[in-house]
Every structure is written in structure tokens, then in C-alpha cells.
Amino acid sequence: MRLFLPLVITFICGIVMILHFFIPHRPISTIGDGLTDWYMIVASAAIFLGAANLVQVHVHRINTKARNWKYSPVVLIGFIAMMATGLLWGVEETLPFDYMFQTMIVPMGATMFSLLAFFVASAAFRAFRASNWRATLLLASAFIVMLGRVPIGGMIWKQIPIISEWMMQVPNMAGQRAVMIGAALGVVATSLRMIFGIERSYLGGAD
Amino acid sequence: MKAFLPALLLVLMAATASGGGFVLTTEASDVPDDDGGRIGLVWTVSPDLPVPDSIVVERMAPGGEWEHVGSVAPIDGRYTDSELENGTVYSYRLVPWLQGVPGEPGPVVSASPAVKWLHSGRIGMLVITVVLCTIILLYIEAGKRGKDLFVRRIAGLNAVEDAVGRATEMGRPVMYIPGIMDMDDIQTIASMVILGRVARKAAEYGSSLLVPTCRSVVMSVSQEVVKEAYLQTGRPDAFRREDITYLTDDQFGYAAGVDGMMVRQRPAAIFLLGTFYAESLILAETGKSVGAIQIAGTAMVSQIPFFIAACDYTLIGEELYAASAYLSREPRLLGSLKGQDAAKLVIMILIVLGVLGATAGHWWEPAGRVAEFLRFLTHVE
Amino acid sequence: MNWEIIGIWLGAVLTLMLYSFLYRDNPFYKFAEHLFVGMSAGYWVIYNIFNVLKPNFWDELTGAGDGSPDYFMIIPGIFGMFMLARLVPKIAGLSRMALAMIVGTGAGLSLVSTLQTNCLSQIEGTIMPLSGVGTMGFIDNLIVVVGVVCGLVYFFFSKPHEGLTGKAAGVGITILMVAFGASFGYTVMARISLLIGQAQFLLFDWLPTMGIHL
């Protein structure tokens, strides 16, 4: 019984969004447009839950002197600093909130992103120890495409960039299309199971 | 009826007209496939006459006078007038203005906004959607009858129990990473379903389960799902809410936090199931470096190669969505899997028929028309 | 106080702290990681308040945007409250309704949008002729069509990969491996360029603040 109302809401919202795609007439269009805005608002409201959890977890770690608890104040100070500056002075450019974002969060994000250069090299190095012929094919095609995208590839053999481009346009497209079509059918089946209440574990109830 | 046809002819003639001034031709028509109340104007201008400062769009008011509704640049263009009454005929003209003086108005055109019940550019998709959804739902119903359905072996899913068992033996936790998107993303929903199965295994084996999340709603759902799994296994006391935490909404902040957790807590088994973007390789490589057995699964085509390179098992695309049926062996879910296969068969037949039709169309026109029809069916606006 | 120089130093020091992870976990990385998590969490809370909740909900409800209050906004307001009810154990069950709304809307939207872009558009693009396109065109189109069809056969779950199905699935997974390899190779250069960007920041923005010019 406790799941009945949520399942009805899931069903109605799901069906309205599907109909909204095909029926431009009111009231479907109005309800569909409204629902698209509303669910974004509801999902955004949930961020306070996460923030509360973050604070709760780190305060608990400090209180219980858990492992690495000395870094929990760093989390809390960073969090409170951004919240305070944003709420007190606003988010416009040149204000403290924006300054901290530009000088600290942006470089840290870019640094984490740039770690990929090292990780992609280590992943490629490990993958070169190919265990079967298909794995060999994977790294052979990776190698050819990589070479084709740098000047040295053309200097080794002028056909490499052409072959590289062909591999991206033909077999790559074929493989990607097969994965996309299969995944799309998976999405359709999963969505139908959600909408019709066949899959309901996300509500925390019995299956 | 007698008066209707001439009136219709007049409206159609008035919908397009041409003139001799700066504004050469003007067309007015109902904006198609919307919820009504809008008329679109399209016009061309003379390349020979002096260019005015702007063109004013005028609409005839009920009293017969012309009223200004908008200004546009003095080039060929389009304009949409909205918040009109459906079924009412509106008349428009475009007037060029130069240095505050109106020039010769363009031709008067008329149209009437209408509302459509069905989007005309999506009829083919509607047919296919109904067919595919019907197939899948029928197979789900058939599955309820409990017929034993064969499902081929998926290595990554067979390894779930072994991975959790390994973690128990080594006395190290299991880590489950449900991707970085929110609960409105289908991959995340599929991941939550798999989390329930993995949590059940972890509860049975007595392994601790860490679930760092990137979204608050996903954290809430994960807590519910894992708690329910522990309850169903009869181990409610072993459930630890503090192991399921929210880190941050930031993509790379999350990656940094999870990396830190991996190197400090050293999980023996890591599941990366859901939507991932560039952080996928950061997480997978770090997991590899701590010696964990890794099972990944995503439908993000751009990230699959990285998971294949860095993880022990990878669920590719549709295999992620098949996981819940595969692990639970629940008849309806297995039926849904069979329905997906039947839908795939329909799509393969469409492709083969279309290709054969397009190929034979060079010599035999009806075959070409088959290919055209199939392209129409699959074309969506 | 030269805030620009301070900002460059903050960025550079935090960058180096995060890079130290490549060697091993250490107190510098732990500090930077925890700071990043805390600050970015705070940033996203503020972002959601000012960019989502205030303009799309509060301004609409109160009419601060265009002058006329939209009282229908009470509905998402109530569902938002339901979501936050999770903080109170006695009424935590109310959050299921908000969750149901999010999941239902997401499922409906995903079904049609995914079908449109990932399925039908791909099918439309695959319907291509094998004749009248030249020799290379024939080979290319044949590879695409065979690759797509055999790739779909690989994803068949209810038939064992034996006999003809097995052979087709074998062709399919081969094409998939070539595709994944190509995708991998394509992004490697983009990843390297990210490192170049950060290296340039350190070498040409940070070092000059210490009088070191390269």
C-alpha cells in the first residue's frame, strides 16, 4: 500500500512525458512542459539532502576520531566558505565566491582531468599485453587511429591518416551504431518496467 | 459549403503574395506541429532597391487599422507571431522604414493558426514506438507464465558473486560506484537495481559495502535499496548507513574523492555501473592500482573502451540493462529480455529490408519506394 | 594585495598537491582532495539555489520574474518538501513520492529521446544502397550494414552463440573491438592536450611570479 501512490505517480509522469512527445495539443503540451520544469526543481531541492549528509558524515568522523578525521575539517571549511561567500555576497564576477571558484575549483578540476593523460598511457601500456586476437585487434586499431592524428603518422606512411579517418568513419560507426541501438532497446525496456511498476526496487520496497 | 470553397481559395491565395516594393514576397502560414496560437511569416526582399533601416511587421487589428507587432532586419527572413486565437484569420503586411519614414508596404497575406493533435513529423516514430513497446510488454506478460527462458552467459555478471566472495575472504570492502548522473537517467536506475542484487550478496557474505554517490537523490535511493537488501537477507543489523555517502555534484571532485577512498580503504571488488564521462578512466585505473577486481558497465559508447582496457569485466551497452534480469532470474524480467531480443530482430529486419530496397531500387522502382518508406518511418523531426 | 598573484599561487599549489597522487597517496593529496570535495559541494549548492531554484521556482511562484505569480509552482514546492522529508525519519516515506515523480518523468523522457536519437536515427542512417556508389562505397556501406546487424546479433541474450548465430556474433564482436580501439585512439590526443594545458599554466603563469621565465 505504501508503494501504491508512488507507483501511480511514476506511471502518470511517465505516460505524460511519452504522450507529450507526440501530442502538441493542450493540455498534454502544458502538463508536459510543466512536468519538465517541475522535476528539475524537485531534483535540485534534493541537493540539500546531500549537503546535510556531507556535513553529518564529517562531523561524525571528527567526533569519533575516525581514520583520517583530521582532514574532515578541511571539507567543512571549504564547504562553509563557499556557502557563506555565495549567500552573503552573491555569485557575480570578481566577488569572493567567484574568485575562489576561478582560482581553486577550476584549477583542481583541470588537474584531475589532466590526470587522464597519465592514466590513458598506463591503460594503453597494460592493454598492449593482449590476451587474445580480438584484444590485439582493439589495440591495433587504437594505434593506427592515434598515429593518424599526429604529424608523425603521415611522415611514416602517407596512407596512415587516410586509413585512420576511414576507420573512424566506417567500422567505428558500425560498432557504435550497434551498441547505441542495443542500448536504446535496453532503455525502452527498463523505462517500461519502471513506468508500469514491474521494477520498483528504487522505491525501497519489495520487488 | 457553397461559401466555404471560395473563402478557402481566397485564404490560400492570400497566404502567399508578391509585390513591387522592397518586400518582394511574403508567405503566412500556421506554425505546424505546435499547440496552436502561432503564425509564421517568411519573406524575401529586393536586391536592387535601397536597403531600409528595418522592416516593421504589422497585423490588422479587429477595427481595421494596422498595428505594429515587431521589427526585423531588412533581409530575407522569418518571424513568428504568437498568442493568437486558433481558427481566427489574421492579416499581415511588412513595411520597410528608412530614416523614420515608412516605405511601400509589402503584400498583405493572411493565415489562421490551428492546433494539431499529432505531431506530423513523428508519426513513423509513434508507429515504431507502439510496435516495440507492445512486443516488450507482451513478452513480459508471457514471462509471468513462468516459462523457463534461456539467457546466454554474460561473463561480467557471472563474476559478481566471485567478486563479493573474494572481498569477504580478503577482509576488504566492496565498492559500488553508480555513475555520476541523477535518478532521472535510465542507466542510474538500472544501476540501482543491480546495487540491490550486489547488496544482497554482500549481506549474505558479510562484506561491507561502500557506495559513494555523486547526487543526493542517488544517495537516498542507494540507502533505501541497500537497507532493503540487508533486511531481505535477514541481516538488518549489518546495514551501515554511513557507508553510503554523498561526496559532491562536481564530476572531478567526485573522482578525486572516490580515488581517495579507493587508495585508503583498498576495496577488493569494485563495481562501476552507470553513466560515466571522462572520469571513468581515472576511477578504473585507480581501482586497478589497488588490486581490486573490477566489473564495469555503461551504455556510454565513448567510455566503454576505457573500461575494457582497465577493468576485468565490462558490460557493454545493453548488457547493463540486462543485468537485473540476469541476476534475479525473475520471470517477468527474463520475459522483458526476450522482448528486447524480439525488438532487435524487428530492427534488423527493417535494416535488411531497407538496404535491399535501396540497392534494388536502382533497377526496380517499387523496391526503392520500400526503402523510402522505411526511411520515412524512421525519420523524426 | 595582488589578488591575481595569490590566485595563481593557490591554483598552482593545489595543482601540484593533486599531481602528487601519481606517486602515491600522501597528506598533500589528502588535503587537496578534501578541500576540492568540500568546496565543490558548496559551489553546487549555491549554483542550484541561484541558477535553478530561485529563477525557476521562487521567482515564478512569487511573480518576481514577470510580475504575475504562478501558483501552480506550489506543486513542485510540495514535492521538493517531500524530498527533504527524508531528513526526518518519521515522515521519510513521503520522499518516495518525489522520487516517483523524478523517476517517472526521467523514464518517459528517456524512452522517447533515446529511441529517437540512439535508435531510429541510427536505423535511418544505416539504410543505404549497396549499388551505384562505386567500389569503395560498396565496401564501406557493406561493412557498416554487416557491422550493425552482426553487432546486434552479438547482443542477443536469448539465443546461445552457436552455429550461424555464433558466427554472426563473432563478426559483430570483432567489429565492436575495432570500433572501441578506434574510439580509444581518437581520444588519447585530447587527453594529452589537457596535460599540456596544465603544464602551460604552471610553466608560463606560475613560474614567472617567482621571476623564472622559460
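Residues numbered from 1 in each chain as written. Chains lettered and ligands numbered in written order. Predicted model: local features only at pLDDT ≥ 70, side-chain atom pairs only at ≥ 80, totals over all residues. Heavy atoms only, no water.

Q: Quick rundown of the nonpolar core? Include the residues and the values.
A: Formed by 150 residues in total, the largest nonpolar core has its most connected members in Y202 of chain A together with Y176, M183, L209, F271, I347 and I351 of chain B. By residue number, the principal contributor to this core is helix α4 (residues 95-126) of chain C, which donates 14 residues. The residues that make up this core include at least three from each of domain 2 (121-134 + 333-378) and domain 3 (148-329) of chain B. Sequence-distant contacts of F271 of chain B, defined by excluding residues within four places in its chain, comprise V160, A163, V164, V174, M175, Y176, I177, V198 and I295 of chain B. (Core = buried A, V, L, I, M, F, W, Y, C linked by side-chain atoms within 4.5 Å. Buried < 20%, exposed > 50% of the residue type's maximum accessible area, 1.4 Å probe, protein only. Helix = DSSP H or I, 4+ residues; strand = E, 2+ residues; numbered from the N terminus. Domains from an automatic or database assignment. Contact = heavy atoms within 4.5 Å.)

Q: Tell me about the interface of chain B and chain C, residues and numbers included.
A: Reports often express the size of an interface as the amount of accessible area lost when the parts come together. Between chain B and chain C, the residue contacts involve 69 residues of the former and 56 residues of the latter. Here chain B packs against chain C, burying approximately 5400 Å² in sum over the two surfaces, 71% of which is carbon and sulfur. Area buried by chain B at its contact with chain C is led by R152, R264 and I351 of chain B, which between them contribute 12% of it. The partner of E33 of chain C in a salt bridge is R264 of chain B, with the nearest N and O atoms 2.5 Å apart. The tally of links from chain B across to chain C stands at 22 residue pairs in polar contact (both at pLDDT 80 or more). (Buried area = accessible area lost by both parts, 1.4 Å probe. Salt bridge = Lys/Arg side-chain N within 4 Å of Asp/Glu carboxyl O. Polar contact = N/O pair within 3.5 Å; in protein donor to acceptor, adjacent residues only side chain to side chain.)

Q: Pulling in residues and values, what's your account of the packing of helix α9 (residues 171-195) of chain A against helix α2 (residues 123-144) of chain B?
A: At a closest axis distance of 10 Å, the pairing of α9 of chain A and α2 of chain B adopts a crossing angle of 60°. For the element pair α9 of chain A / α2 of chain B, the angle class is oblique. In the packing of α9 of chain A onto α2 of chain B, the handedness of the crossing is right-handed. Of the residues in α2 of chain B, those in contact with L185, V188, A189, L192 and R193 of chain A of α9 of chain A are L132, C133, I136, L137 and I140 of chain B. Class assignment for the residues of the contact of α9 of chain A with α2 of chain B results in nine nonpolar, no polar and one charged. (Axes fitted to C-alpha atoms, helices over the stretch in contact; angles between N-to-C directions. Parallel < 35°, antiparallel > 145°, perpendicular 65-115°, else oblique. Left-handed = near helix turned anticlockwise from the far one by under 90°. Nonpolar A, V, L, I, M, F, W, Y, C, P; charged D, E, K, R; others polar.)

Q: Could you give an account of helix α7 (residues 279-289) of chain B, naming the residues involved and the relevant values?
A: Most of α7 of chain B is tucked away: nine of the 11 residues are buried. Those residues of α7 of chain B not exposed but buried are E279, S280, L281, I282, L283, A284, E285, T286 and G287 of chain B. Next to the buried residues of α7 of chain B lie α5 (96-127) of chain A together with β10 (174-177), α6 (251-265), β13 (269-273), β14 (293-298) and α8 (304-310) of chain B. After α7 of chain B finishes, the residue G291 of chain B shows a positive phi value of roughly 80°.

Q: Could you give an account of the domain arrangement of chain B, with specific residues and numbers?
A: Residue and element names in this part refer to chain B. Along its sequence, chain B is organised into domain 1 (4-111), domain 2 (121-134 + 333-378) and domain 3 (148-329). If you average the C-alpha positions of domain 2 and of domain 3, the two centres end up 36 Å apart. Contact residues are listed per partner, giving seven residues for domain 2 and nine residues for domain 3. Contact between domain 2 and domain 3 buries roughly 750 Å² in total, counting both sides, with carbon and sulfur atoms accounting for 72%. It is L333, L334 and L337 in domain 2 that bury the most area against domain 3; as a group they hold 69% of the surface buried on that side. Taken together, the connections running from domain 2 to domain 3 amount to one salt bridge. Two residues, K344 and E318, come together in a salt bridge whose shortest N-O distance is 2.7 Å. Linking domain 2 with domain 3 are two residue pairs in polar contact (both at pLDDT 80 or more).

Q: Can you break down the sheet that holds β14 of chain B residue by residue, with the values?
A: Residue and element names in this part refer to chain B. Read across the open sheet, the six strands follow the order β12-β11-β10-β13-β14-β15; overall the sheet is parallel. Taken across any chain shown, the strands that pair with only one partner, and hence form the sheet edges, are β12 (244-246) and β15 (313-316). On average, each strand axis in the sheet is tilted by 15° relative to the strand beside it, whichever way the strands run. The pairing of β14 with β15 spans four bridges and is classified as parallel. Paired with G297 across the strands is L315, a residue of β15. Across the sheet, helix α5 (residues 216-232) touches β11 (209-213) and β12, and the angle it forms with β12 is around 175°. (Pairing = 2+ DSSP bridges.)

Q: Which residues make up the interface of chain A and chain C, and what values go with them?
A: Chain A puts 98 residues into the contact, and the matching count from chain C is 104 residues. Applying the counting criterion to the chain A and chain C interface returns zero salt bridges. There are 18 residue pairs in polar contact (both at pLDDT 80 or more) connecting chain A and chain C. Looking at the side of chain A that touches chain C, the elements that each hand over two or more residues are α1 (4-22), α2 (28-45), α3 (47-64), α4 (72-89), α5, α6 (133-148), α8 (160-169) and α9 of chain A. Ranked by residue count, the leading element in the side of chain A that touches chain C is α5 of chain A, at 23 residues. Each residue belonging to the side of chain A that touches chain C can be placed in one class, and the counts come to 77 nonpolar, 17 polar and four charged.

Q: Talk me through the pattern of salt bridges; I want residue IDs and the actual numbers.
A: For the structure shown, the criterion picks out 23 salt bridges over all chains. The salt bridge partner of K54 of chain C is D59 of chain C, with a shortest N-O separation of 3.4 Å. With a relative accessible area of 38%, K54 of chain C lands in the partly exposed category. Salt bridges here are not isolated pairs; linked through shared partners, they connect R59, E67 and D81 of chain B.

Q: Can you explain the packing of α2 of chain A against helix α3 (residues 74-84) of chain C? Please cite residues and give values.
A: Packed helix pairs are specified by the crossing angle of their axes together with the interaxial distance, meaning the distance between the axes. Two elements in contact, α2 of chain A and α3 of chain C, have axes separated by 8 Å at closest approach and are oriented at 30°. Compared by their axis directions, α2 of chain A and α3 of chain C come out roughly parallel. Both α2 of chain A and α3 of chain C take part in a crossing whose hand is right-handed. On α3 of chain C, the residues touching W38, I41, V42 and A45 of chain A of α2 of chain A are I75, P76, F79, G80, M83 and L84 of chain C. In the contact of α2 of chain A with α3 of chain C, the residues fall into nine nonpolar, one polar and no charged.

Q: So what's going on with the pairing of β13 of chain B? Residues and values would help.
A: All names here are of chain B. Burial of β13 is extensive: five of the five residues sit out of reach of the surface. When β10 meets β13, the two strands line up parallel, connected through four bridges. Note on β13: the bridge partner recorded for M175 is I270. Pairing between β13 and β14: five bridges, direction parallel. Bridged to I270 within β14 is Q294. With α7 bridging β13 and its parallel neighbour β14, the resulting β-α-β unit is right-handed. (Right-handed = clockwise from strand over helix to strand, strands pointing away.)

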